[in-house]
Amino acid sequence: MTKKSVFRKAELNKYSDQKEERKVSWLELYFDLFFVVVLYYLVHELAYDFSLHNLFQYTLMFLSSLWLWMSYTYYKEVFQNHGLEIRIFTFFYMIPIASLAVFSSDFMDNNLTYYILSYAIARLMLSAAWIHWWCHNQEFRHVWSRMTKWFLISLLFLILALFNIWDSAKYLFLLALMVDYIHPVFSIHKQSELGLNLSRLPERFGLFLIIVIWEIVRWVINSLSSASQINFEYISVSILLFALSYALWSIYFDYLPAKLVTKDLKKTFIWIYLHILIIYCLTIIGWVILEFDVATLVTSNPTLSIFLTLATSIFLILMWIIGKVVDWKDIDIIQKKRSSVKIYTWIAILIFWIIVSNLSLIVLLSWIVWLLLAQIIYIIHLWKNNHNF
């Protein structure tokens, strides 16, 4: 009997080599849970003291932490490996990621250098993992050679930021993040030649999104638990906030295919990058919920009204765009009928906010929830008429 090695050679995950259905591993699910905890702390930092300056700070922290999750997720999709080395790597990779949550407190004043250093260490670790698989797979070498140039540029910006060159560490860090986010686009053509099978990405992103939405429910509970007494307003707000979280879940998963049926890598990358904005909108909605107070909901709060309206509207627009990007040829035609509803809902939310922006938050929240739930009711009506309900 041949003895199995605990260390296994990595293989490219290609359509031509697909032998069995791949599923999300327990390790990946644990990693996702770990990461959402980081986002939880970042949102709490924003809720602690909101300002446009702190919103910029939150955006920097959000983009950096999410990029580390996306890079790891994509890396796991490109290569198939279930050996001991991936478990060891994931454990050590989570250490600098945990540091991001630790140093998110007092980000700009005292912990910016430590935060950037944690991000740089995580990036170096992931690049080392790519190099490790580069040594085992000749097909991927021409892709990595192109990615290396951009990584070195990003690393240069990170080093300059660590030493606070020109007293502009946060802007240098932003430039490094921009390079990290942009550089995969320039290797799409080379990656397309590999015939990579990335059809499992909806499952990975779906699990991550459902955990983020679960955090919204947790923020709802945190917000409601601060109420001094239970009355009609408290009960009404509770129902509205839980209905909002349910509606966001329902609308997103109506547009989540079981698999990405397209082999067009450009569409796949568009689908991935749209999720950056979707997750950002969901966390902003979570921040607004954290700021909710039952007593102040009956008054006008222009700041919360603006962010709640914009985050919900942009979320709906993004879902509409995703409906145009995904290839629905193997999915029920009913999916196509849903996209127009999202645009109508978005328009209605904006018009209502413009007309009655001086009304109380609870009125705006009620209108948004009603429009979202009306859309869900309409979808159920379509299902029933198509005998799929």
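Residues numbered from 1 in each chain as written. Predicted model: local features only at pLDDT ≥ 70, side-chain atom pairs only at ≥ 80, totals over all residues. Heavy atoms only, no water.

A.B. asks: Help me understand the side chain of N111 in this model?
C.D. replies: With respect to the helices, strands and loops of the structure, N111 is situated in helix α4 (residues 107-136). N111 has contacts with F103, S105 and D106, leaving out every residue within four places of it along the chain. (Helix = DSSP H or I, 4+ residues; strand = E, 2+ residues; numbered from the N terminus. Contact = heavy atoms within 4.5 Å.)

A.B. asks: I would appreciate a short explanation of the packing of aromatic side chains in the present structure.
C.D. replies: Two aromatic rings, taken as a pair, are described by how far apart their centres are and by the angle between their planes. Across all of its chains, the model carries 26 aromatic pairs by this definition. An angle of 40° between the planes, with centres 5.9 Å apart, marks the rings of W249 and F253 as tilted. Placement of both W249 and F253 in helix α9 (residues 232-254) is noted, with a separation of four residues, approximately one turn of the helix. For F253, a relative accessible area of 23% translates into the label partly exposed. Both rings, one in W287 and one in F307, keep their centres 5.3 Å apart while their planes meet at 90°; by these two values the pair is edge-to-face. Taken together, the positions of W287 in helix α10 (residues 265-291) and F307 in helix α11 (residues 302-325) put the pair 20 residues apart, joining distant regions of the chain. Judged by relative accessible area, which is 1%, W287 ranks as buried. By relative accessible area, F307 is classed as buried at 17%. Through pairs of rings, three or more aromatic residues link up here, namely F31, F35, Y72, Y75, F89 and Y93. (Phe/Tyr/Trp six-rings, centres within 6.5 Å; stacked < 30°, edge-to-face > 60°. Buried < 20%, exposed > 50% of the residue type's maximum accessible area, 1.4 Å probe, protein only.)

Honestly, that's just the spatial picture; any functional story needs more than this.
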